[in-house]
Amino acid sequence: MKGISLKSLPAYVLSSPRTFAEHEHHITRKCPDDVLLMMYDGVLRFEENGVPVELRAGEYYIQQRMLQQTAPLQSDRPSYFYIHFIGKWTDDEPCLPRRGIFYPEVLRPILKQLETAVRLSEPPVICSGLFYTALSELYRIRTASGHMNVMNDIARRLTADLLNPPTLTELSAEYNFSVNYLLRLFRDSMGQTPHAYLQSARIRQACILLLTSNATADTVAQECGFSDYSHFYKSFIRATGCSPSEFRAGKGR
């Protein structure tokens, strides 16, 4: 089955943060509840009906109730937040897949509120509401095709003016993301950080200018937005495997 149905509300049971001691293994059990695990740090290892599972920071996983969980391998001091609940497993949409990514900087405040609500024995409706808020965020990330469009737009903004690109602070304010959240979304969508993406665009433009103009390498560096020639030279060699003059002479192609 694909994941937890979101056509009906799963039933919250309990929740808590958890950090393993050194050399600790996941418990062997058949849990009567579904369990949502959201990893903060370390590596969690276990098997579910004999299928190995390894989770790292920024990943979530939903353990299905009454499946046999064992841990032949020790975990690497994982830190995570778990939520026990009862949900309906389905192949139909909308649903939350068994496994995916999440953004700790976004979920931590919600989960911290849930931890506090549990500690203060708040009414069940409070805990359930925070649980649904966390599920909503996980689902929103999963359906982040809109985020991809935003990240493509940010990428275009970054490279439209190589001499004066917008700062991350300016972009985060414009798109209503925190800087850390924007960095995470951009990296997940584009495969590299905004800085690395901008540097790659500058190198590509430098290659074009070296091949199609008589401008000196120093002028090319300035026109592509590099702060100084030394920085340009090192970045160019790292990206192309040859110096600007070698590339212009055809040795790098």
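Residues numbered from 1 in each chain as written. Predicted model: local features only at pLDDT ≥ 70, side-chain atom pairs only at ≥ 80, totals over all residues. Heavy atoms only, no water.

1. Quick word on the side chain of glutamate 48
Short version of the rule: A run of H or I in DSSP counts as a helix once it spans at least four residues, and a run of E counts as a strand once it spans at least two, with each numbered from the N terminus. Classification of residues uses two cut-offs on accessible area relative to the type maximum, computed with a 1.4 Å probe and protein chains only: under 20% is buried, over 50% is exposed, and between them is partly exposed. For the purposes of these results, a polar contact is taken to be a pair of N or O atoms within 3.5 Å, where, inside protein, one atom must be able to donate a hydrogen and its partner to accept one; residues adjacent in sequence count only when each atom of the pair is a side-chain atom. Contact definition: two residues touch when any of their heavy atoms are within 4.5 Å.
Checked against the element boundaries, glutamate 48 lands in strand S4 (residues 34-48). When its relative accessible area of 4% is taken as the criterion, glutamate 48 is described as buried. Side-chain polar atoms of glutamate 48 contact the side chain of tyrosine 61, separated by 2.5 Å. Within polar-contact distance, the side chain of glutamate 48 engages the side chain of arginine 98 at 3.4 Å. Apart from the residues lying within four places of it in its own chain, the contact partners of glutamate 48 are Tyr61, Gln63, Gln64, Leu67, Gln68, Gln69 and Arg98.

2. A look at the pairing of strand S5 (residues 51-56)
Inclusion rule: Two strands qualify as a pair provided DSSP detects at least 2 bridges between them.
Examined bridge by bridge, S4 and S5 share six bridges and lie antiparallel to one another. When the bridges of S5 are listed, phenylalanine 46 appears paired with valine 53. If you look at the hairpin formed by S4 and S5, you'll find two residues sitting between the two strands, and asparagine 49 has a positive phi there, around 55 degrees.

3. Remarks on the nonpolar core
Soluble globular proteins tend to bury their nonpolar side chains together. Using the following cut-off: Only buried residues count toward a nonpolar core, which is a set of Ala, Val, Leu, Ile, Met, Phe, Trp, Tyr and Cys residues joined through side-chain atoms within 4.5 Å.
Residues Leu36, Met38 and Ile83 are the most contacted members of the largest nonpolar core, which totals 39 residues. Those elements giving two or more residues to this core turn out to be S4, strand S6 (59-63), strand S8 (76-86), helix H1 (104-119), helix H2 (124-142), helix H3 (145-160), helix H4 (168-175) and helix H5 (179-190). For this core, the element with the highest residue contribution is H2, accounting for seven residues. Ignoring sequence-local partners within four residues, the contact set of methionine 38 consists of Glu59, Tyr60, Tyr80, Phe81, Ile83, Phe102, Leu107, Leu111 and Leu138. Within the second largest apolar cluster, 14 residues are counted, among which are Ala206, Ala215, Phe226 and Phe236.

That is the geometry; function is a separate question.
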